[in-house]
Amino acid sequence: KAGVTQTPRYLIKTRGQQVTLSCSPISGHRSVSWYQQTPGQGLQFLFEYFSETQRNKGNFPGRFSGRQFSNSRSEMNVSTLELGDSALYLCASSVDAQSSEAFFGQGTRLTVV
Amino acid sequence: GIQVEQSPPDLILQEGANSTLRCNFSDSVNNLQWFHQNPWGQLINLFYIPSGTKQNGRLSATTVATERYSLLYISSSQTTDSGVYFCAVENNAGNMLTFGGGTRLMVKP
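Residues numbered from 1 in each chain as written. Chains lettered and ligands numbered in written order. Predicted model: local features only at pLDDT ≥ 70, side-chain atom pairs only at ≥ 80, totals over all residues. Heavy atoms only, no water.

1. Focus: the overall build of chain B
Inference 1: In terms of helices and strands, chain B carries zero helices and eleven strands.
Inference 2: Shown N-terminal to C-terminal, the secondary structure of chain B runs as helices and strands in the order β-β-β-β-β-β-β-β-β-β-β.
Inference 3: Radius of gyration (C-alpha) of chain B: 13 Å, near the 13 Å computed for a compact globule of 109 residues.
Inference 4: Taking the principal axes of its C-alpha atoms as reference, chain B extends roughly 45 × 25 × 20 Å.
Inference 5: Out of the 109 residues belonging to chain B, those deemed buried represent 48%.
Inference 6: In chain B, once contacts between residues fewer than 6 apart in sequence are set aside, the share between residues at least 24 apart is 56%. (Helix = DSSP H or I, 4+ residues; strand = E, 2+ residues; numbered from the N terminus. Rg over C-alpha atoms; globule rule 2.2 N^0.38 Å. Buried < 20%, exposed > 50% of the residue type's maximum accessible area, 1.4 Å probe, protein only. Contact = heavy atoms within 4.5 Å.)

Below, the structure is given as structure tokens:
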């Protein structure tokens, strides 16, 4: 069974640009969550989707958005990139609507210059 | 929101030694997981353990939900055990995890 797949693995963008990251969950999993990891703030929750609906959102500005498709694949978008958005972005998938084990992808490392 | 604290923040061991990592949380939880982050950044699942005790080879974990802490035991440590260990909890009936700050483990040969 394939794991969680995130693309691309690495990305370099210029300040002010926008970026879209993709996450394909484990087959049969319907919940997808996104996290940002930085040296200063650690691992922080961005948002969670279940059945194409955003159920939870972390404390991030509106420049961070996401969506989930009918096949459970998810994308997150960051507009008007800032240097501080440089981070490792991790996606997790879970099978059920609540309190189920999360499995993480390899992450997308975003560098904003 | 719920607070998660891990200790110690850093740990250096000689190969073969045993260690205990601790995770304290401030509220009741529905889910608790332990992860090992590999050098490439991926979080590897170690245990899904909202309560009770589990063992997997040289690793074991215990969560005492009523006292709001979890312990990860590593026995006969190997250099490949090096890396950062994270505890993460969920308590809001969704799949939103709150992570601790991690324990950075270095095992020396």
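That covers the picture; the talk isn't over yet.
2. Some details on the pairing of strand E8 (residues 74-78) of chain A
Residues and elements named next belong to chain A.
Inference 1: Most of E8 is tucked away, with five of its five residues classed as buried.
Inference 2: Here E8 shows two buried faces, one formed by Ser74, Met76 and Val78 and the other by Glu75 and Asn77.
Inference 3: Looking at chain direction, strand E3 (residues 19-24) and E8 are connected through five bridges and run antiparallel. Counted as the bridge partner of Leu21 is Met76 from E8.
Inference 4: Where strand E7 (residues 64-68) lies against E8, five bridges are found, and the strand directions are antiparallel. Bridge pairing in E8 places Ser65 opposite Asn77.
Inference 5: Linking E7 to E8, which pair antiparallel, is a turn of five residues; within it Ser72 sits at a positive phi near 80°. (Pairing = 2+ DSSP bridges.)

3. Quick word on the interface of chain A and chain B
Inference 1: Across the boundary between the two partners, chain A contributes 25 residues, which contact 20 residues of chain B.
Inference 2: A buried area of about 1800 Å², summed over both sides, lies between chain A and chain B, and 48% of it is on carbon and sulfur atoms.
Inference 3: Broken down residue by residue, the surface that chain A buries against chain B is led by Leu43, Ser99 and Phe104 of chain A, which jointly contribute 33%.
Inference 4: Run the count over chain A and chain B and you get zero salt bridges.
Inference 5: Applying the counting criterion to the chain A and chain B interface returns eleven residue pairs in polar contact (both at pLDDT 80 or more).
Inference 6: Sorting the residues of the side of chain A that touches chain B by element identifies strand E4 (31-38), strand E5 (42-50), strand E6 (53-57), strand E9 (87-94) and strand E10 (103-104) of chain A as the ones contributing at least two each.
Inference 7: Grouping the amino acids of the side of chain A that touches chain B by side-chain chemistry returns nine nonpolar, ten polar and six charged. (Buried area = accessible area lost by both parts, 1.4 Å probe. Salt bridge = Lys/Arg side-chain N within 4 Å of Asp/Glu carboxyl O. Polar contact = N/O pair within 3.5 Å; in protein donor to acceptor, adjacent residues only side chain to side chain. Nonpolar A, V, L, I, M, F, W, Y, C, P; charged D, E, K, R; others polar.)

4. Here we look at the side chain of Arg63 of chain A
Residue and element names in this part refer to chain A.
Inference 1: Relative to the elements of secondary structure, Arg63 occurs in the loop between E6 and E7.
Inference 2: Engagement of the side chain of Arg63 in a polar contact is seen with the backbone oxygen of Ser79, the distance being 3.1 Å.
Inference 3: In this view, Arg63 contacts Asn77, Val78, Ser79, Thr80, Leu81, Glu82 and Asp85; residues no more than four positions away in its chain are not counted.

5. Considerations on the environment of His29 of chain A
All names here are of chain A.
Inference 1: Assignment of secondary structure puts His29 in the loop between E3 and E4.
Inference 2: For the pair His29 and Phe103, spaced 74 residues apart in sequence, the C-alpha to C-alpha distance is 9.9 Å.
Inference 3: Non-local contacts of His29, meaning those with residues more than four positions away in its chain, are made with Ser72, Ser93, Ser94, Val95 and Phe103.

6. Re the packing of aromatic side chains
Residue and element names in this part refer to chain A.
Inference 1: Tallied over the entire structure, the rule returns nine aromatic pairs over all chains.
Inference 2: With a centroid separation of 5.6 Å and an interplanar angle of 70°, the aromatic rings of Tyr35 and Phe45 are classed as edge-to-face. Of this pair, Tyr35 sits in strand E4 while Phe45 sits in strand E5; the two residues are ten residues apart in sequence, bridging distant segments of the chain.
Inference 3: In this structure Tyr35 comes out as buried when scored by relative accessible area, which is 0%.
Inference 4: Owing to a relative accessible area of 7%, Phe45 belongs among the buried residues under this scheme. (Phe/Tyr/Trp six-rings, centres within 6.5 Å; stacked < 30°, edge-to-face > 60°.)

7. With respect to the state of the cysteines
Inference 1: Counted according to the given criterion, the structure contains two disulfides over all chains.
Inference 2: Linked covalently through their sulfurs, Cys23 of chain A and Cys91 of chain A form a disulfide whose S-S length is 1.7 Å. Judged by the torsion about the S-S bond (-55°), the Cys23 of chain A/Cys91 of chain A disulfide is left-handed. With Cys23 of chain A in strand E3 and Cys91 of chain A in strand E9, this pair connects stretches of sequence that are 68 residues apart.
Inference 3: The partner cysteine of Cys23 of chain B in its disulfide is Cys87 of chain B, sulfur to sulfur 2.0 Å. Handedness here is read from the sign of the S-S torsion; for Cys23 of chain B and Cys87 of chain B, about -55°, the answer is left-handed. Placement of Cys23 of chain B in strand E3 (residues 19-25) and of Cys87 of chain B in strand E9 (residues 83-90) is noted, with a sequence separation of 64 residues between them. Take Cys23 of chain B and Cys87 of chain B: they sit in the same class, and that class is buried. (Disulfide = S-S within 2.5 Å.)

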